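# Geometric and topological summary
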Number of protein chains: 2
Amino acid sequence: MQKKRIVIAGGGFGGVFAAQQLQKLSGDQYQIELISENNYFVFQPLLPEVASGTINVQDAVSPLRLLLPKVKVRQAEVVDVDTEKKQLIVVQGRKRVLIPIAYDHLILATGQVTNLESFHGFEQHSLTMKNLSDAHQLRNHIIQCLELADVTEDEVIKKRMLTFVVAGGGFSGVETIGEMVEMIQRTLRFYPNINKDDVECIMVQSGARILPELPEKLSQYAREKLEKRGVEILLHEGVKSASATTLTLGSGKKLNTSTIVCTIGNGPSPFIRKIDLPQQHGKICVNRHLQVEGQSNIWSLGDTALVPLKDQPTERTDFAPPTAQFTVREASQLAKNIHALESGKAMTAFTFTPRGMLASLGNYSGVASMFGINMSGLFAWLLWRSFYIALLPGFATRLRVGLNWFYDYFLPRTIVQVQQASGSGCKYMHFSAGELVFDQNQLLDGLHIVVSGKLEMRIAATDDQQEFVKQIGAGDHWGEKILENQVATTGVVTALEDSLVLVMDKTDFGRLKQALPSFRDYFDQINPERYSSAIKKTDINN
Amino acid sequence: MQKKRIVIAGGGFGGVFAAQQLQKLSGDQYQIELISENNYFVFQPLLPEVASGTINVQDAVSPLRLLLPKVKVRQAEVVDVDTEKKQLIVVQGRKRVLIPIAYDHLILATGQVTNLESFHGFEQHSLTMKNLSDAHQLRNHIIQCLELADVTEDEVIKKRMLTFVVAGGGFSGVETIGEMVEMIQRTLRFYPNINKDDVECIMVQSGARILPELPEKLSQYAREKLEKRGVEILLHEGVKSASATTLTLGSGKKLNTSTIVCTIGNGPSPFIRKIDLPQQHGKICVNRHLQVEGQSNIWSLGDTALVPLKDQPTERTDFAPPTAQFTVREASQLAKNIHALESGKAMTAFTFTPRGMLASLGNYSGVASMFGINMSGLFAWLLWRSFYIALLPGFATRLRVGLNWFYDYFLPRTIVQVQQASGSGCKYMHFSAGELVFDQNQLLDGLHIVVSGKLEMRIAATDDQQEFVKQIGAGDHWGEKILENQVATTGVVTALEDSLVLVMDKTDFGRLKQALPSFRDYFDQINPERYSSAIKKTDINN
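Residues numbered from 1 in each chain as written. Chains lettered and ligands numbered in written order. Predicted model: local features only at pLDDT ≥ 70, side-chain atom pairs only at ≥ 80, totals over all residues. Heavy atoms only, no water.

### Some words on the overall build of chain A
For the record, the criterion: Each helix corresponds to a stretch of at least 4 residues labelled H or I by DSSP, and each strand to a stretch of at least 2 residues labelled E; elements are numbered beginning at the N terminus. When we talk radius of gyration, it's over C-alpha atoms, and the globule rule is simply 2.2 Å times the number of residues to the 0.38. Residue exposure (1.4 Å probe, protein chains only): buried if accessible area is under 20% of the type maximum, exposed if over 50%, otherwise partly exposed. Here, two residues are considered to be in contact whenever any of their heavy atoms come within 4.5 Å of each other.
Along the backbone of chain A there are 15 helices and 34 strands. The C-alpha radius of gyration computed for chain A amounts to 26 Å, which stays within 12% of the reference 24 Å derived for 542 residues, consistent with globular compactness. The principal-axis extent of the C-alpha atoms belonging to chain A is close to 90 × 55 × 45 Å. Relative to its full complement of 542 residues, chain A shows a buried share of 57%. Of the contacts made within chain A by residues no fewer than 6 positions apart, 69% connect residues no fewer than 24 positions apart.

### Comments concerning the pairing of strand S14 (residues 231–234) of chain A
All names here are of chain A. For clarity, the threshold we go by: In this analysis, strands are considered paired if DSSP registers two or more bridges between them. Whether a crossover is right-handed comes down to one check: with the strands pointing away from the viewer, does the path from the first strand over the helix to the second run clockwise; if it does, it is right-handed.
Bridge count for strand S13 (residues 200–204) against S14 is 4 bridges, and the pairing is parallel. Its bridge partner being in S14, Val 204 is matched across the sheet by Leu 234. Of the crossover connections in this fold, the one passing from S13 over helix H8 (residues 216–228) to the parallel S14 is right-handed.

### Some remarks on the sheet that holds strand S31 (residues 468–473) of chain B
Residue and element names in this part refer to chain B. Definition in use: Whenever a helix is involved, its axis is fitted only over the stretch in contact; in every case the axis is a line through C-alpha atoms, and angles between N-to-C directions fall within 0 to 180 degrees.
Pairing is antiparallel in the open sheet, where 4 strands are placed in the order S28-S33-S30-S31. The sheet terminates laterally at strand S28 (436–438) and S31, the two strands that pair on one side only. When strand polarity is set aside, the average angle formed by the axes of neighbouring strands in this sheet is 25 degrees. Examined bridge by bridge, S28 and strand S33 (residues 492–495) share 2 bridges and lie antiparallel to one another. Each bridged residue has a counterpart across the sheet, and for Phe 438 the counterpart in S33 is Val 493.

### Details of the interface of chain A and chain B
As a reminder, the rule being used: The term buried area denotes the loss of accessible surface (1.4 Å probe radius) that occurs when two parts are joined, taken as the sum for both partners. Here, a salt bridge means any side-chain nitrogen of Lys or Arg that lies within 4 Å of a carboxyl oxygen of Asp or Glu.
With 95 residues of chain A in contact, the opposing surface of chain B contributes 95 residues. When the two sides are added together, the surface that chain A and chain B hide from each other amounts to roughly 8,300 Å², 56% of it contributed by carbon and sulfur. For the pair chain A and chain B, the number of links is 4 salt bridges. Close ionic contact of Glu 147 of chain B with Arg 65 of chain A constitutes a salt bridge, the shortest N to O distance being 2.9 Å.

### Focus: the packing of helix H1 (residues 13–26) of chain B against helix H10 (residues 324–342) of chain B
Residues and elements named next belong to chain B. Applied cut-off: Here roughly perpendicular refers to angles of 65 to 115 degrees, roughly parallel to angles under 35, roughly antiparallel to angles over 145, and oblique to all remaining angles. By convention, the crossing between two helices is left-handed when the near helix turns anticlockwise from the far helix through less than a right angle, and right-handed when the turn is clockwise. Each residue receives one of three labels: charged for Asp, Glu, Lys and Arg, nonpolar for Ala, Val, Leu, Ile, Met, Phe, Trp, Tyr, Cys and Pro, and polar for the others, Gly being one of them.
The interhelical angle for the contact between H1 and H10, taken along N-to-C directions, is 40 degrees, at an axis separation of 8 Å. As judged from the angle between their axes, H1 and H10 are oblique. Classified by chirality, the crossing of H10 by H1 is right-handed. Side by side, H1 and H10 meet where Phe 13, Gly 14, Phe 17, Ala 18, Gln 21, Leu 22, Leu 25 and Ser 26 of the first sit next to Ala 324, Thr 327, Val 328, Ala 331, Ser 332, Ala 335, Lys 336, Ile 338 and His 339 of the second. Grouping the amino acids of the contact of H1 with H10 by side-chain chemistry returns 10 nonpolar, 6 polar and 1 charged.

### Describing the UniProt feature "domain: Cyclic nucleotide-binding" (unreviewed entry) in chain A
So the rule is basically this: UniProt positions are given in the numbering used here, feature names are shortened, and annotations may be inferred rather than shown by experiment.
Residues annotated by UniProt as "domain: Cyclic nucleotide-binding" (unreviewed entry) correspond here to residues 430–512 of chain A. Helix makes up 16% of residues 430–512 of chain A and strand 45%, with an end-to-end C-alpha separation of 24 Å.

### Focus: the pattern of salt bridges
Under the definition given, this model contains 28 salt bridges over all chains. Between Arg 65 of chain A and Asp 150 of chain B there is a salt bridge, with the nearest N and O atoms lying 3.1 Å from each other. Taken together, the residues span two chains, with Arg 65 of chain A in helix H3 (residues 64–67) and Asp 150 of chain B in helix H5 (residues 132–151). Residue class for Asp 150 of chain B comes out buried when judged on its relative accessible area of 5%. Linking Arg 458 of chain B and Glu 467 of chain B is a salt bridge whose minimum nitrogen-to-oxygen distance equals 3.0 Å. By relative accessible area, which is 46% here, Glu 467 of chain B ends up partly exposed. Linked by salt bridges that have partners in common, Arg 5, Glu 33 and Arg 74 of chain A make up one network.

### Looking at the sheet that holds strand S28 (residues 436–438) of chain A
Residue and element names in this part refer to chain A. Strand order in the open sheet formed by 4 strands is S28-S33-S30-S31, with antiparallel pairing between adjacent strands. Bordering the open sheet on either side are S28 and strand S31 (468–473), each of which pairs with just one other strand. For this sheet, the mean angle separating the axes of adjacent strands, direction not counted, is 25 degrees. With 6 bridges connecting them, strand S30 (residues 454–459) and S31 associate as antiparallel partners. Along S31, the bridge assignment pairs Ile 459 with Phe 468.

### Observations concerning the relation of the copies chain A and chain B
In this structure, two copies of a chain are linked by a rotation about an axis accompanied by a shift along it. This is how it is decided: A least-squares superposition brings the copies together, and it is based on the C-alpha atoms of residues with pLDDT no lower than 70 in both.
Take chain A, turn it by 180 degrees, move it 0.0 Å along the axis, and it overlays chain B with an RMSD of 0.0 Å. Taken together, the turn and the small shift mark the pair as related by a two-fold rotation axis. For chain A, the residue whose C-alpha comes nearest the rotation axis is Gly 425 of chain A, separated from it by 1.7 Å.

### Notes on the domain arrangement of chain A
All names here are of chain A. Worth spelling out the cut-off: Domain extents, as shown, originate in an automatic or database domain assignment. For the purposes of these results, a polar contact is taken to be a pair of N or O atoms within 3.5 Å, where, inside protein, one atom must be able to donate a hydrogen and its partner to accept one; residues adjacent in sequence count only when each atom of the pair is a side-chain atom.
Segmentation of chain A into domains returns domain 1 (4–37 + 76–114 + 267–354), domain 2 (122–262 + 357–410) and domain 3 (426–539). Between domain 2 and domain 3, the contact holds 7 residues from the first and 7 residues from the second. If you sort the residues of domain 2 by the area they bury against domain 3, Gln 124, His 125 and Ser 243 come out on top, with a joint share of 56%. Applying the counting rule to domain 2 against domain 3 returns 0 salt bridges. At the junction of domain 2 and domain 3, the tally comes to 4 residue pairs in polar contact (both at pLDDT 80 or more). Classifying every residue of the side of domain 2 that touches domain 3 gives 2 nonpolar, 5 polar and no charged.

### Some remarks on the packing of helix H14 (residues 506–515) of chain B against helix H15 (residues 517–525) of chain B
Residue and element names in this part refer to chain B. Contact geometry for H14 and H15: axes closest at 5 Å, N-to-C directions at 105 degrees. The pairing of H14 with H15 is recorded here as roughly perpendicular in orientation. Contacts between H14 and H15 pair Phe 509, Leu 512, Lys 513, Gln 514 and Ala 515 from the former with Pro 517, Phe 519, Arg 520 and Phe 523 from the latter.

### Points about helix H14 (residues 506–515) of chain A
Residues of H14 of chain A that are buried include every one of Asp 508, Phe 509, Leu 512, Lys 513 and Ala 515 of chain A, and no others. The backbone nitrogen of Thr 507 of chain A has a side-chain oxygen 2.9 Å away, supplied by the residue at the start of H14 of chain A, namely Asp 505 of chain A.

### Re the state of the cysteines
All names here are of chain B. Stated precisely, the cut-off is as follows: Any cysteine sulfur atom paired with another within 2.5 Å is treated as part of a disulfide.
Under the defined criterion, the tally for this structure stands at 0 disulfides over all chains. Of all cysteine sulfurs, the one in Cys 201 lies closest to Cys 262, which takes part in no disulfide; the gap is 17 Å. On the basis of relative accessible area, Cys 262 is assigned to the buried category, the value being 3%.

### Details of the side chain of Glu 435 of chain B
On the secondary structure map, Glu 435 of chain B appears in the loop between strand S27 (426–431) and S28. With sequence-adjacent residues up to four places away left out, Glu 435 of chain B is seen in contact with Ser 243, Ala 244, Thr 245, Thr 246, Val 493, Thr 494 and Ala 495 of chain B.

### Here's the deal with unusual backbone geometry
Across residues other than glycine, the phi torsion is negative in most instances, and most of the peptide bonds are trans. For Lys 86 of chain A, which is not glycine, the phi torsion reads 55 degrees and is therefore positive. Inspection of the secondary structure assignment puts Lys 86 of chain A in the loop between strand S6 (77–82) and strand S7 (87–92).

### Concerning the environment of Lys 427 of chain A
With respect to the element layout, Lys 427 of chain A can be found in strand S27 (residues 426–431). For the pair formed by Lys 427 of chain A and Glu 33 of chain A, sequence separation is 394 residues and the distance between their alpha carbons is 36 Å.

### Topic: the confidence of the model for chain A
Residue and element names in this part refer to chain A. Basically, it comes down to this: Per-residue confidence from the prediction method is given by pLDDT, with values spanning 0 to 100.
Taken over all residues, the pLDDT of chain A has a mean of 86, while the share at 70 or more is 92%. Of the regions scoring below 50 in pLDDT, residues 531–542 engages in 31 contacts with residues more than four places distant in sequence or in other chains. With a pTM of 0.77, the predicted complex shows an ipTM of 0.71.

### Things to note about the environment of Leu 214 of chain B
For Leu 214 of chain B, the location among the structural elements is in the loop between strand S13 (200–204) and helix H8 (216–228). When residues no more than four places from it in sequence are discounted, the contact partners of Leu 214 of chain B are Phe 171, Arg 209, Ser 219, Met 357, Val 367 and Ser 369 of chain B.

Printed below as a string of structure tokens:
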């Protein structure tokens, strides 16, 4: 008889722990296959430490093949489910071949993605803390801000570069700002032109206190600790919109910043949105056995699912919170239930009361609430670190993380900015009304096309030229001639309204123009006189 | 009196060591500013070890601000020189502002870039080993090949994924293939479906032996060592062209591979090509004092310059080789000469006889030629490691690299693939005559536009449709309807001639279509019947 096939979509806490538990319970009884876009498991609570450089990227992750030696691990992207044929459809390889994977049981654990739709401009101008590359990017971004702040002679730019904002005061937000402050303060000695007082770190929290999941006393302690270290905490304050230079708060207040870390706003992944299974608030509805409603062989858990803790759930607290702690427990119950079903035994409803909660504030202090006891300071921090080291998979990783934490105590923090692939492609930029889009004497990085809003292009009068002013709106574009002639900008573009602009990278623009006749013809036929007064074809050296 | 300003363009061996020497010689006498695109110095000889995961990325690099505490470090891109105004022009910040930097002395040390123009398709389909992101990319690429080879059921793809080629048998090529073989062999235990014999590592060297800079005996030893470890070395063989699936050698032989590491082909950077200073073979001509010909206050060294070792150089050996060892010595002489000139003393001609050469072969063996003595094996390898540890800047880095090498001996190699930003933008793909461009049932990743060559699109006959065959050439494109309808391909595209195709990422295509009216109109007006027989609008699930 052929083994039953259990297919798991997702390599996070839910997927990995479910696979481990199934293996443990049943040995070789099932053929287990796990599909993940990355070939590693990310230990998400360590991401802020990766961003701050306390630990190495590879110490926050573990190869899936190492964690799950007997499970078939497939690095692929999940695109659909065919419940009738019992197939999960994935896309694999650089040629993006579609492959159907047959299952007897399917576990959906693909997780949530950041959804910034409700915050205008956040998609383009904020950073998130969801995965490894986010942590990497935040780190490089902070270093870039410090580098520029150290050499610029423009005080407005300097202030902007040295204002760091975190949106959200939950666990992720608090740990992120704690690590950011520590990192910035420890690296300032490399930047002779930046004073400690020039740096502003701000946390924006919509509720009445930070860390609302913890007892009020610990929230208070965490707040005092962070404030003492220079973090400004804005309570009862939301975020509204962002541009490359400005964050507008719910109250209307504007902050001159280019660093916004967004730890709020979660939503379903495109895959979950696409599949035809019962959903609520972007999560898959499951019963207390963790089976998807109406299905006996499709399961879900973690932040992918809405997991009821009661038979008749009504309130928000009647559902499991989407934390790693709960997810790991759900994975265990889910594995037991699949095994029970296959063995003809009764399934058990999921239930769990958490034992404690921990948060690090950076700089060797933390807060904890364990078994009803509240702790704070160094002891809570040590507890937090030991707790996570114990949870880390594999002796090698534990040793490395432990040693790196130890080195970190006495070695200088590095400020190496390992740049990622250059930002080619078509990127959106959002500009607030009144904002300067670009100034004179810059090199443009791409073709600018207005998607919505209104902007003004203005070139000051010179000896042989009158002042030139033009309003531009949706579908208008600028930069094509400047890019072609490789000259610097001579005019100024300002946003008259909140505007969205698509910037097509200059290399891509050149390549597309060369390859696609219709695109080339369009730009060639543009009256060269159209911009005659807008561009002085001066070489940048003169 | 104002201090003389010495501006250094480039943060590699030449720039960093010149700045250090100037500081050492003169204390605070000069105002020294160093311009670099990265805020760190890369220890290039360690790049193969970064690619293989023996050491961490940050252990191969040092922050410039840490190395040069009294030098003003500016992270910017060098774009031009104005020798009359004595200004170096740089672009700085995300807004790409042009900034002129005044100098009294200018040192040009921007280095060379990989130039793959003479190898058809290499620009698009080969990897290089020039900088940190190259090492990172090679590492991720190898892991991706292993991941795919482990799960694919197509033997041709499996073979392709497991064939690894290095072009060039110099220091960089030998160290790269040595580390690659070690990495692959040590990680194979995670891939149950790959046998050791499935893997092929091939080195292509145009000369009669590898490591031609070393004595013949050591070349022979290195060759035997590598061959014993499974590397196939092709001597008297060149590379001709590359596609996503095939490497064509000089002899016409074709290899089924998607991993080509190119360690050959160097050329001047766009900056050097642009500036108006005497050049030969893409290098700046300097005199024996390291002054650029015809200039008294512009200097160059390293692989940026053609440095004569004799007064009347004629042969290739009359010029300094572009190695780190020579560059460091040149930097020292250059610093002394600037200081001599400013102090009214006589300058000294550059001269240097190297003391030895070292190369690592991976797997704890190496070759060395020091003070006329040839060494090989473990001792040479230890010498190599100690030598580099000693050269590493900073105690912290030395300790970390040393410890990581030590761990590496007894800990399993990690296979985490930290993915970089997704490949958006417009990318070129090169296809050889006869090559399958895509098959049925794939999801396209972008709009495909033919730049040159000829291809054939073919859709097999079905019950309700005749066979469809069409030839396409420069300016033609495909994929726009498939992308719009989000369906899988139903046809097959094959290259009839060697062809170059520009692929515009599907996200970028969608964004540009939405933003730019002329682009949208063009694609909307395409007769929807044009592809009627080429696309079956079937959902991928049916």
